[in-house]
Amino acid sequence: MYIRKKRRMMAEINVVPYIDVMLVLLIIFMVTTPMLTQGVKVELPKSSAEPLEQMADGKMPLVATVDAAGLYYFEKDAETHGPYTSAELVNEVASWLTIEPGTQVIVKGDHTVSYDAVIRLINLLKNAGAPSVGLMTDPGEGS
């Protein structure tokens, strides 16, 4: 007589399909992530900024200013020159950068100036040959 054995239920989970799905999702995310990152590469300021008088290389930076009326000014070695037109400012900054290449250039703007005016000033400074342009701020209340 043939005795039939009862089969016990298997309590194991087959994880192979889950691993396949995980790998497919990983590939999808790896392909789509570079497409999602858009924007402008900027160097964000550090929280412990040094005053202008104590720059690392000992040089004073060039400071280009746009005021509330949209006029451009230029400051080097604590002497303010201006107002300038955009073409005059480009010539002035370019001449200083040929004399002292690698000098840091900083933008100072009035708080009532539009964002567009500051961006135009940054573009003018880049056209003048500034290797990098920084932004000057005052510490806010409670800082």
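Nothing here was measured: the structure is a model prediction, and the numbers come from that model. (Residues numbered from 1 in each chain as written. Predicted model: local features only at pLDDT ≥ 70, side-chain atom pairs only at ≥ 80, totals over all residues. Heavy atoms only, no water.)

Draft legend 1. Geometry of the packing of aromatic side chains. Applying the stated rule across the entire model yields one aromatic pair. Here the aromatic rings of Phe 74 and Trp 96 are separated by 6.4 Å at their centres, their planes lie at 35°, and the arrangement is tilted. With Phe 74 in strand β2 (residues 72-76) and Trp 96 in helix α2 (residues 86-99), this residue pair connects regions lying 22 residues apart in the sequence. (Phe/Tyr/Trp six-rings, centres within 6.5 Å; stacked < 30°, edge-to-face > 60°. Helix = DSSP H or I, 4+ residues; strand = E, 2+ residues; numbered from the N terminus.)

Draft legend 2. Representation of the pairing of strand β3 (residues 79-84). Note that β2 and β3 share four bridges and pair antiparallel. Following the sheet pairing, Glu 75 is matched in β3 by Thr 80. Between the antiparallel neighbours β2 and β3 lie two residues, among them Asp 77 with a positive phi of about 55°. (Pairing = 2+ DSSP bridges.)

Draft legend 3. Region of interest: α2. Under the 1.5 Å per step criterion, the end-to-end length of α2 is 20 Å for 14 residues, consistent within 8% with the ideal 20 Å. Taken as a whole, α2 has its buried residues at Leu 89, Val 93 and Leu 97. Here the buried residues of α2 occupy an arc of 60° about the axis, which is enough to place them on one side. Those residues of α2 that are exposed and aimed more than 90 degrees away from the buried face are Asn 91, Thr 98 and Ile 99. Summarising the contacts, the buried residues of α2 are in contact with β1 (62-66), β2, β3, β4 (105-109) and α3 (115-127). (Expected span 1.5 Å × (residues − 1). Buried < 20%, exposed > 50% of the residue type's maximum accessible area, 1.4 Å probe, protein only. Arc of directions from axis to C-beta. Contact = heavy atoms within 4.5 Å.)

Draft legend 4. Here's a closer look at the confidence of the model for the chain. When pLDDT is averaged along the chain, the result is 77, and 79% of the positions lie at 70 or above. Averaged pLDDT values over the elements of the chain bottom out at 80 in β3 and peak at 89 in helix α1 (residues 16-36). pLDDT under 50 marks residues 39-47. Its contacts with residues more than four places away, or in other chains, come to zero contacts. (pLDDT = per-residue confidence, 0-100.)

Draft legend 5. Representation of the side chain of Thr 103 in the model. Relative to the helices and strands, Thr 103 resides in the loop between α2 and β4. In this structure the side chain of Thr 103 is engaged in a polar contact, spanning 2.6 Å, whose partner is the backbone oxygen of Glu 100. The residues touching Thr 103, leaving out its near neighbours within four places in the chain, are Lys 59, Met 60, Pro 61, Leu 62, Lys 76, Leu 97 and Pro 131. (Polar contact = N/O pair within 3.5 Å; in protein donor to acceptor, adjacent residues only side chain to side chain.)

Draft legend 6. View of the side chain of Thr 65. Mapped onto the elements of the fold, Thr 65 is located in strand β1. With residues up to four places along the chain from it excluded, the contact list for Thr 65 reads Leu 71, Tyr 72, Tyr 73, Lys 108 and Leu 121.

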